[in-house]
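What follows is the residue order along each chain.
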Amino acid sequence: MSEISIPCEVIARLANVLKYFPDSADEWTNSIRLEDNYAMATNRCYMAVERLKASVPAPVHIKADPAFIAQCRTEAQFSSNVFFVINTALGIVTARTTMGYQYPGNLLLASGTPNKLDEWRNVIPRTPTAAPGISLMLDLTQFMMFAETAPSKMVVFERCFDAQAASIVRDRISPDWFGVFNPKDNVELHDAATLPGWFK
């Protein structure tokens, strides 16, 4: 059994990426994965990773229950923390907050059950994109949702993009957050943007 304390603001912010799911999403996607000293959330197109001050002994998936996330959003403005007690032997995760809220059920999606998110680190590019590739098209509604997971709500991109490869973004200020933009599941080919010929 282990306990970890995470700011409510972090949980609420990472959950922003879970507002939209592509067809490739599964039940594991609607969760926040705690692994080592990282919290990770992804909707299969966008991934947000935050470095935590504490770590967990084994990976667990915390359900992104709407009532729990709403409570974290409420308490975030008061710098509240959520305390997870993780008992993988019994398959239970309980949560209570600084302000006294106790989640009424079990927040553990599963632990030790193989799933696609076990390979989440393999999606992260270890080197920058060397040269521009296929033109990148963004759905700004989805991208805004992704940017809201960053502490400053502002992200800095790599120098080059290729819509068929994952790209790293970082927070403008915080060194404890990074995101992965992985459009390759939904690539649509478009001509690259250029200045229109009608502009003189």
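The coordinates are above.
Residues numbered from 1 in each chain as written. Predicted model: local features only at pLDDT ≥ 70, side-chain atom pairs only at ≥ 80, totals over all residues. Heavy atoms only, no water.

Trainee: So what's going on with the environment of Gln-164? Residues and values would help.
Mentor: Here Gln-164 lies in the loop between β7 (155-157) and β8 (167-171). With 47 residues separating them in the primary sequence, Gln-164 and Leu-117 have C-alpha atoms 20 Å apart. (Helix = DSSP H or I, 4+ residues; strand = E, 2+ residues; numbered from the N terminus.)

Trainee: A description of the packing of aromatic side chains should follow, citing residues and the corresponding values.
Mentor: Under the definition given, this model contains ten aromatic pairs. When the centroid spacing of 6.0 Å and the interplanar angle of 80° are considered together, the rings of Phe-68 and Tyr-103 count as edge-to-face. Taken together, the positions of Phe-68 in helix α2 (residues 66-76) and Tyr-103 in the loop between β5 (92-97) and β6 (108-110) put the pair 35 residues apart, joining distant regions of the chain. Across the pair, Tyr-103 and Phe-68 agree in class, each one buried. Through pairs of rings, three or more aromatic residues link up here, namely Tyr-46, Phe-143, Phe-146, Phe-157, Trp-177 and Phe-181. (Phe/Tyr/Trp six-rings, centres within 6.5 Å; stacked < 30°, edge-to-face > 60°. Buried < 20%, exposed > 50% of the residue type's maximum accessible area, 1.4 Å probe, protein only.)

Trainee: Describe helix α4 (residues 140-147), with residues and values.
Mentor: Every buried residue belonging to α4 is among Gln-142, Phe-143, Met-145, Phe-146 and Ala-147, and all of these are buried. Looking at the packing, one finds that the buried side of α4 touches β3 (46-63), β7, β8 and β9 (177-181). (Contact = heavy atoms within 4.5 Å.)

Trainee: Could you give me a rundown of the pattern of salt bridges, with the residues and numbers involved?
Mentor: For the structure shown, the criterion picks out nine salt bridges. With a shortest N-O distance of 2.7 Å, Glu-35 and Arg-33 are connected by a salt bridge. The pair Glu-35 / Arg-33 is uniform in exposure class, with both members buried. Arg-33 serves as the salt-bridge partner of Asp-118, at 3.0 Å between the closest nitrogen and oxygen. Within this pair, whereas Asp-118 is found in the loop between β6 and α3 (120-123), its partner Arg-33 is found in strand β2 (residues 31-42), the two being separated by 85 residues in sequence. A relative accessible area of 34% places Asp-118 in the partly exposed class. On the basis of relative accessibility, which here comes to 4%, the residue Arg-33 falls in the buried class. (Salt bridge = Lys/Arg side-chain N within 4 Å of Asp/Glu carboxyl O.)

Trainee: Could you give me a rundown of the side chain of Asp-171, with the residues and numbers involved?
Mentor: Tracing the backbone through its elements, the reader meets Asp-171 in strand β8. The charged side chain of Asp-171 is buried without a salt bridge, its nearest counter-charge being Arg-172 at 6.6 Å. Of the polar contacts made by the side chain of Asp-171, one reaches the backbone nitrogen of Ser-174; its length is 2.6 Å. Aside from chain neighbours lying at most four places away, what touches Asp-171 is Ala-150, Pro-151, Ser-152, Lys-153, Met-154 and Trp-177. (Lys, Arg positive; Asp, Glu negative; His and termini not counted. Polar contact = N/O pair within 3.5 Å; in protein donor to acceptor, adjacent residues only side chain to side chain.)

Read these as layout, nothing more, since geometry by itself doesn't imply function.
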